Amino acid sequence: MKTNTAAFKRLSAATMGNRSWLMEQFPPYFFIAMKDEPEAMAMLEREMGTLAQNRRLVLSDRDKCLIQALPNVPGSLYDTLRRIPEREISYAMIAHSESPLPGSDRTLEIQRFEFDRKSNKEIQEGGDVVIPAGIRAKIASSLRQSYPDFAMSELDRLLRMVWLNNEKYVRMAWPERVAQVLNLYQKGVKAGGLYLDVEEMEGGRESRIHFAVGNPPQHDFLLQVMEVFNRLDLGVNRAYCLTISNGTHPYFLGTFYVRRRDGEVLSRGSELFSRLKDELCNTQILATTSIAYRDFVTKGTFSGREGSLINAFIAFTHTNLAHNQPDRFGLDDVKSAFFSHPEIALQLAELFAVRFHPAVGEREARYAAKLEETERVVGDYNTGHRYLDEVRRAIFRCCLIFIKHTLKTNFYVLQKQALAFRLDPAYLAELGSDFTADLPSALPFRVTFFFSRFGFGYHIGFSDIARGGWRTVIARNGDDFITNANTIFRENFVLAHTQHLKNKDIYEGGSKLVLILDAGDLQRSGERDQEVLRLYKLQYGVANAFLDIFVTDQGVARLPAVVDYYREDEPIELGPDENMHDAMIESIARISKERGYLLGIGIMSSKKVGINHKEFGVTSTGVVRFAEITMADLGIDMVHDAFSVKFTGGPNGDVAGNAMRIMLERYPRMQVRLILDGTAALFDPLGARHGELARIILKEDLDGFNPQALHEGGFMLFRSGSRTEGLKTLYRKVTMGSGGLTEQWISIDEFSREFGDLVFTTEADLFIPGGGRPETIDAGNWERFFLPDGTPSARAIIEGANSFITPPARALLQKRGVIIMRDASANKCGVISSSYEIIANLLMKDNEFLAEKNEYVAGVIAILEKRAADEARLILKRHRDNPALPCTEISDAISTEINGHYARLFRFFQARPELLGQAPFRRVILAHLPALVADKALYRRRIGILPQKYLCAILAAELGSSMVYRGDQETEFEDILRLHIDRNFAA
């Protein structure tokens, strides 16, 4: 008994000693932050001595909490984070003792992690909360005292948000700490989702880093941040990190107290300080899964900035070379070239820095010397492996061309979430026909390359004032990613060129922005719900990168970190396309206005203060009008006659869904025999029942159609709702027989074969591709469109979707008698509508537009109906006059004629601006605009405030199109002769 008592006394003495030591070594806030973990603190006091023999002491290890104590060694926190990469940290606290542990030369480190992130839905549905008045008052007082620029009007909203995410934190933390979090969040939002600030602490030994990131990369983000500190030899003495949801996406809010391990002071003006800021911001772009990061950055071969740039080099060279030669220039081949020769990768990165780093002096001479040296290195590349050397030389040469032809970039802008590189399109000529032979022959006006942590892509435009949609292709597995990356540049180029042909009726030339989102890891880890967050991260980052380089003052990029070799304003209009959601449309318009882009909210169409394509069915208006006129030419009156139609694109899609809506309203005898969308396929030999189809149109995808509504012989294939049996994935097929519905489960092979065959084999009078991937019908499968007796499965095709049929396949189908109205004509009304939306944004205030919206849109739809009818009738007239000439070639010829007139007229009016206000030319401008603008003096007067370049373009577009649609060449030639005679041969 005496022995036990003595041992207990010794233990108690040790515990008391440990408690006293802890009280001396840690600041008061540490004990407040640990107040809710008395058992963990008791174990620390009791067992602290065991750290002399053990690497760590686990104080608590629960589902939602991990607390441990360990001797502080360089990288200890980094080590811990590597052990828990799959857990989403909602709160992290790291603290160190001031002095070494008794009997040790190491300080004590306490790590606390909580894993209790609230979902966006939980925050949205959080309801009312009651925050104790005393807590609120203390936080408000602290904000006023410490952060006088904090917008107090937001206090209650932000405090409620943090409370819903972590009530315990708000209750327990010092008011000053909560105030710091609220201020950091507000600063992060104001800065566009990426905010970094550094304070030197009193005494100069420590610096405090504040870091806020909206929608941060998941799981390993804190690990990557700690790797930066570790790589730069900065010890993290204390850290407090909170990840919360704002109801839309997560927000990381971190405060780090750091010291240099060499004992020197981390001063604000030091080189290390600059590197730290650059590396922390670069975490938004540099993927931790990349070879550049894993094998080169973490080992000190590349800086984080160089790692990001080299990853961008790889993406650009791969996408520019692989579309024509995928077997020689696959992604692995390009990566191997750069990572097998890091010295060449760094040589190229140094050339880029000399050309674009804003601090470089004597740039021209230094760049010339470095360029000559780099060209020699690339030209002399020779390892004795002839084939491999040729491939790698081409890769390095492509990268060199990229650097030489980039005109401006945001690469050296500190707070960015994506990279943007605006190129002179002449780089394509230098690249050579070996790599461009598969592209349309026209040269774009501009090419802009974007790169981010989760994806990359291009904006390609064919004129100075240009507009076209922004689509994001989501790659959900490795095969999808490689396939799309191989072809993204060609697909983008073709889409933009098609858009240019399509835009013939408006003042903007054609363009397109296409990105690939890499979401394969989310599928593998079962985190499909994170896909939208990643999509928004990519799009928001690219939107800001776009503005980094295109927001200008007197033509020159406004941000001083952007070295601008182009030095002109660039009016580029965007619009929604695949995977562009309403929330992002509104965000892009808002940040464009906030950042001072010359178009303001006019950068993006189909926003709230705009004309939503899906709501008003503007694209489908033109598609249906083309169908009506084409079918009439084939002898079918769609209003009165029975006819059949097949669709790709679902009832909830913009183009197909609205086309079905319009056609159900107008054509009572229509049979919809086939619908295909991403969720299902529907075949009905007597046509889908109108009532059931109307029930789901613009509300549900095709898998919402009730199979009980099928006629006998009809069936549905469901891509959604698959099931797994053993190693097989099975898909549901339901068929309506004489006795009712039967269900069977078929293999992926059977499903793919049946699904893929339907578009070719289903018989109908009319086919409207209103969705689906580009190049679905190509030169290798076009013959399948014909039935065994040689007749086509549809007599007419109206292309509602872009590039659904390849040009060679179009030619072959038309030779066999199919009438095709190509995308550049049939679905042009969407972009025409967007053009008029931008005009409204420039002429009307937001409240005026919303008040006049219905009347304005009615005027736009009247213009759309007329533009579609003008072109459809002209195409068919020319086809009747020359039946050997395919309708798609006539469409191209019309676009080329109008665009040729436009280009000449645009140059003319730019050289003669005094004509813009004269009565005849003003009449032309008014004729181009919706009736509301022409009829109301208020808006007519404002026409003069439009940028001069826009007025020239409107005149060029209206005159150019009318000369083709309504022109009579012989009469016009006679008029020209008479005018020439009057001027030169006096009576």
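A brief report on the enclosed structure follows. (Residues numbered from 1 in each chain as written. Predicted model: local features only at pLDDT ≥ 70, side-chain atom pairs only at ≥ 80, totals over all residues. Heavy atoms only, no water.)

**Looking at the nonpolar core**
In terms of nonpolar packing, the biggest core is built from 139 residues, with Trp 470, Met 663, Phe 705, Leu 766 and Tyr 856 touching the most fellow members. Per-element tally for this core: the top contributor is helix α32 (residues 846-881), with 12 residues. If you look at the next biggest cluster of nonpolar residues, it comprises 73 residues, including Ile 314, Phe 316, Val 391 and Leu 419. (Core = buried A, V, L, I, M, F, W, Y, C linked by side-chain atoms within 4.5 Å. Buried < 20%, exposed > 50% of the residue type's maximum accessible area, 1.4 Å probe, protein only. Helix = DSSP H or I, 4+ residues; strand = E, 2+ residues; numbered from the N terminus.)

**Quick notes on the pairing of strand β23 (residues 740-747)**
One ladder, built from 8 bridges, connects strand β22 (residues 728-737) with β23; its direction is antiparallel. From the neighbouring strand, Gly 737 faces β23, where its bridge partner is Gly 740. The antiparallel pairing of β22 with β23 creates a hairpin that spans 2 residues between the two strands. (Pairing = 2+ DSSP bridges.)

**Some details on helix α11 (residues 271-282)**
Here α11 contains 12 residues, and its C-alpha end-to-end distance of 16 Å stays within 8% of the 16 Å for a straight helix at 1.5 Å per residue. By the burial criterion, the buried members of α11 are Leu 272, Phe 273, Leu 276, Asp 278, Glu 279, Leu 280, Cys 281 and Asn 282. Buried residues belonging to α11 abut β5 (194-200), β6 (207-214), α10 (221-231), β7 (234-245), β8 (250-260) and α13 (304-322). (Expected span 1.5 Å × (residues − 1). Contact = heavy atoms within 4.5 Å.)

**What about the pattern of salt bridges?**
For the structure on display, the rule yields 75 salt bridges. Asp 464 is the partner of Lys 949 in a salt bridge, and the nearest nitrogen-oxygen pair spans 2.8 Å. With Lys 949 in helix α37 (residues 948-965) and Asp 464 in the loop between β12 (455-461) and β13 (466-475), this pair connects stretches of sequence that are 485 residues apart. (Salt bridge = Lys/Arg side-chain N within 4 Å of Asp/Glu carboxyl O.)

**Some thoughts on the packing of α13 against helix α15 (residues 342-356)**
Contact geometry of α13 with α15 gives a least axis separation of 10 Å together with a crossing angle of 100°. With respect to α15, the axis of α13 lies roughly perpendicular. Residues Glu 306, Leu 309, Ile 310 and Phe 313 of α13 form the contact with α15, whose own contacting residues are Ala 345, Leu 346, Leu 348, Ala 349 and Phe 352. Here the contact of α13 with α15 is composed, by residue class, of 8 nonpolar, no polar and 1 charged. (Axes fitted to C-alpha atoms, helices over the stretch in contact; angles between N-to-C directions. Parallel < 35°, antiparallel > 145°, perpendicular 65-115°, else oblique. Nonpolar A, V, L, I, M, F, W, Y, C, P; charged D, E, K, R; others polar.)

**Here's the deal with the sheet that holds β23**
Taking strand neighbours across the sheet as the criterion, the 9 strands line up as β23-β22-β21-β20-β19-β18-β24-β25-β26 in an open arrangement whose pairing is mixed. Edge positions in the open sheet fall to β23 and β26 (819-821), since each of these has one partner strand only. Here the strands of the sheet are splayed against their neighbours by 25° on average, with no regard to which way each runs. In this structure, strand β19 (residues 670-676) lies alongside strand β20 (residues 680-683), joined through 3 bridges in antiparallel fashion. Pairing of Leu 676 across the sheet is with Ala 681, part of β20.

**Some points on the packing of aromatic side chains**
Following the criterion strictly, the structure yields 52 aromatic pairs and no others. Ring geometry for Phe 30 and Phe 31: centres 5.1 Å apart, planes at 80°, overall edge-to-face. Given the relative accessible area of 1%, Phe 30 is considered buried. Classification of Phe 31 as partly exposed rests on a relative accessible area of 23%. The ring of Phe 760 has Arg 784 sitting right over it, with the charged end atom 4.2 Å from the ring centre. The ring centre of Phe 786 lies 4.0 Å from the NZ or CZ of Arg 816, which sits over that ring. (Phe/Tyr/Trp six-rings, centres within 6.5 Å; stacked < 30°, edge-to-face > 60°. Lys NZ or Arg CZ within 6 Å of the ring centre and 35° of its normal.)

**Details of a nonpolar patch on the surface**
On the surface, a nonpolar cluster with roughly 530 Å² of combined accessible area is contributed by Phe 973, Ile 976, Leu 977, Ile 981 and Phe 985. With respect to the element layout, Leu 977 can be found in helix α38 (residues 969-984). Here Leu 977 falls in the partly exposed class, since its relative accessible area comes to 40%. (Patch = residues over 30% accessible without salt bridge, like charges linked within 9 Å, V, L, I, M, F, W, Y side chains within 5 Å. Areas by Shrake-Rupley, 256 points an atom, 1.4 Å probe, with all protein chains shown as cover.)

**Focus on the environment of Val 236**
Of note, Val 236 is situated in strand β7. The class of Val 236 is buried, set by a relative accessible area of 10%. For Val 236 and Arg 260, which are 24 residues apart along the polypeptide, the C-alpha to C-alpha distance reads 9.0 Å.

**Some words on the sheet that holds strand β3 (residues 91-100)**
Across the sheet, which stays open at both edges, the 8 strands sit in the order β1-β2-β4-β3-β7-β8-β6-β5 with antiparallel pairing between neighbours. Among the strands making up the open sheet, the edge pair consists of β1 (57-62) and β5. Across the sheet, the axes of successive neighbouring strands diverge by a mean angle of 10°, strand direction being ignored. Looking at chain direction, strand β2 (residues 65-71) and strand β4 (residues 107-114) are connected through 7 bridges and run antiparallel. What sits directly across from Pro 71, in β4, is Leu 108. Contacting β3, β6, β7 and β8, α10 runs over the sheet at an angle of about 20° to β8.

**With respect to the layout of surface pockets**
One number sums up the size of the second largest pocket: a volume of about 1200 Å³. Forming the walls of the second largest pocket are 49 residues, and the residues nearest its centre are Val 189, Gly 192, Gly 193, Tyr 251 and Tyr 540. Breaking the lining of the second largest pocket down by element, the ones donating at least two residues are α5 (120-124), α7 (155-165), α9 (175-190), α22 (531-550) and α23 (582-595). (1 Å grid on protein atoms, 1.4 Å probe; cavity = no way out; pocket = protein on both sides within 12 Å on 5 of 7 lines; lining within 4 Å. Points joined across faces, edges and corners; volume = space filled by probe spheres on them.)

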